[in-house]
Amino acid sequence: MNTSQSPFIEALRSSRVWDTELPAFDPDAAPAEPLPLFHEWFVSAVAAKAVEPHTMALASVDADGRPDVRIVMLHDADGRGWHFASHAGSAKGRQLAARPEAALTFYWPVQGRQVRVRGRVSTGTPEEAYADLHARTPGALASALVGHQSEVLDSTRTLAEASAAAWERAVREPEAEAPSWTLYVVEPSEVEFFQGDERRRHVRLRYRRTAGGGWERELLWP
């Protein structure tokens, strides 16, 4: 089959990258630590109307050493690290329990920017997990109460019934607990900031944690 004229190939080759005005980035003016720069870039992405700027790719490794990746939501980024949450019994929860290392990637195409984070993963306290869940929407609580994330599902009818029951409980008991809900924190050892350039002279600035707990900065070839 000649795929050169297929709708897929045509769509693939006609897709443009960064069809927008890209911001400037001077790495020499970057702060000594990555967190302030991440906060600055995130606020800028929101102002530029980036779609779902708080979503990120989370990569982990399974028991056989095979990489796994999915999209999750950022819940915070502070001096401890980058926060997200999930069920401890989910695929990602089991993988992180066995090998507590992860990588994150944010991508904001409206500005041609990426942020990549790598580091060890720790878990928050049950109290922090409870506060995290109940700071979100009733829908988030209902979803957490359904549970069974990543388990095999026999039918969509079973899902509909479980979801309806969880919604009713979330409305009836807004303070209900979801015991498996867990707060995770990626404690960064490396953070890279990538600024795209229309002439492909991309600027890549990487922060690396030093043995003394500080940060060193280095530029990378694009």
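Look above for the structure.
So, here is what we can say about the structure in this document.

Cut-offs applied
Every chain's residues receive numbers from 1 upward, in the order its sequence appears when written. Under the rules for a predicted model, residues below a pLDDT of 70 receive no local features and side-chain atom pairs below 80 are neither given nor counted, while totals for whole chains, interfaces and linings still include all residues. Side-chain figures throughout are based on the complete set of non-hydrogen atoms in the structure, without hydrogens or water. Only DSSP runs of H or I covering at least 4 residues are called helices, and only runs of E covering at least 2 are called strands; the numbering of each starts at the N terminus. A contact between two residues is defined here by any heavy atoms of the two lying within 4.5 Å. Throughout, the Shrake-Rupley method with a 1.4 Å probe supplies accessible areas, and for residues the shown protein chains are the sole cover considered. Residues scored as positive are Lys and Arg, those scored as negative are Asp and Glu, and His as well as the terminal groups of each chain are ignored. Taken as the charge location is NZ of Lys, CZ of Arg, CG of Asp or CD of Glu. Definition used in this section: a nonpolar core is a set of buried Ala, Val, Leu, Ile, Met, Phe, Trp, Tyr and Cys residues joined via side-chain atoms within 4.5 Å. Partly exposed residues are those whose accessible area sits between 20% and 50% of the maximum for their type, while under 20% is buried and over 50% is exposed, using a 1.4 Å probe and protein chains only. The salt bridge criterion pairs a side-chain nitrogen of Lys or Arg with a carboxyl oxygen of Asp or Glu, the two atoms within 4 Å. As used in this structure description, the phrase polar contact means that two N or O atoms lie within 3.5 Å; if the pair is within protein, one of them must be able to donate a hydrogen and the other to accept it, and residues adjacent in sequence are counted only when both atoms belong to side chains.

Digging into the overall build of the protein
Now for step 1: What the protein contains, in helices and strands, is six helices and nine strands.
Now for step 2: Summarising its shape, the C-alpha atoms of the protein cover approximately 60 × 55 × 40 Å along the three principal directions.
Now for step 3: Pairs at least 24 apart in sequence give 64% of the contacts found in the protein among residues at least 6 apart.
Now for step 4: For the protein, the exposed area adds up to about 13400 Å²; of that, 53% sits on carbon and sulfur atoms.
Now for step 5: The protein carries 25 positive and 31 negative side-chain charges, and their two centres are separated by 5 Å.

A few points about unusual backbone geometry
Now for step 1: The backbone of K49 sits at a positive phi, close to 65°, despite the residue not being glycine.
Now for step 2: Relative to the helices and strands, K49 is located in the loop between α2 (34-47) and β1 (55-61).
Now for step 3: Backbone geometry at R200 places phi at a positive 65°, although glycine is not the residue there.
Now for step 4: Mapped onto the secondary structure, R200 falls in the loop between β7 (181-195) and β8 (203-209).

Some remarks on the nonpolar core
Now for step 1: Ranked by internal contacts, the top residues of the largest apolar core, which has 30 residues, are F38, W82 and V115.
Now for step 2: Elements supplying a minimum of two residues to this core: α2, β1, β4 (82-87), β5 (101-108), β6 (113-123), β7 and β8.
Now for step 3: Here the element with the most residues in this core is α2; it accounts for five residues.
Now for step 4: Of all hydrophobic cores here, the second largest spans 14 residues; its members include A144, V146, A170 and A178.

Side note on the pattern of salt bridges
Now for step 1: By the definition in use, this model includes 15 salt bridges.
Now for step 2: The salt bridge involving R206 is made with E218; its shortest N-O contact spans 2.7 Å. Of this pair, R206 sits in strand β8 while E218 sits in strand β9 (residues 215-220), and the two are 12 residues apart along the sequence.
Now for step 3: Residue classification places E218 among the partly exposed positions, given a relative accessible area of 22%.
Now for step 4: Bridged by salt links that share partners, the residues R206, R208, E216 and E218 form one connected network.

Re the environment of W108
Now for step 1: Position of W108 relative to the elements: it lies in strand β5.
Now for step 2: Spatially, the C-alpha atom of W108 lies 9.5 Å from that of W41, the residues being 67 residues apart in sequence.
Now for step 3: Residue contacts for W108: discarding those within four places in its chain leaves F38, W41, F42, A45, A50, P53, R113 and V115.
Now for step 4: A polar atom in the side chain of W108 sits 3.0 Å from the backbone oxygen of P53.

Section: helix α5 (residues 138-146)
Now for step 1: Of the residues making up α5, those classed as buried are A140, L141, A142, A144, L145 and V146.
Now for step 2: On the buried face of α5, the contacting elements are β4, α4 (126-134), α6 (156-172) and β7.
Now for step 3: Just past α5, the residue G147 takes up positive phi, approximately 65°.

Bear in mind that shape data such as this cannot, by itself, settle questions of function.
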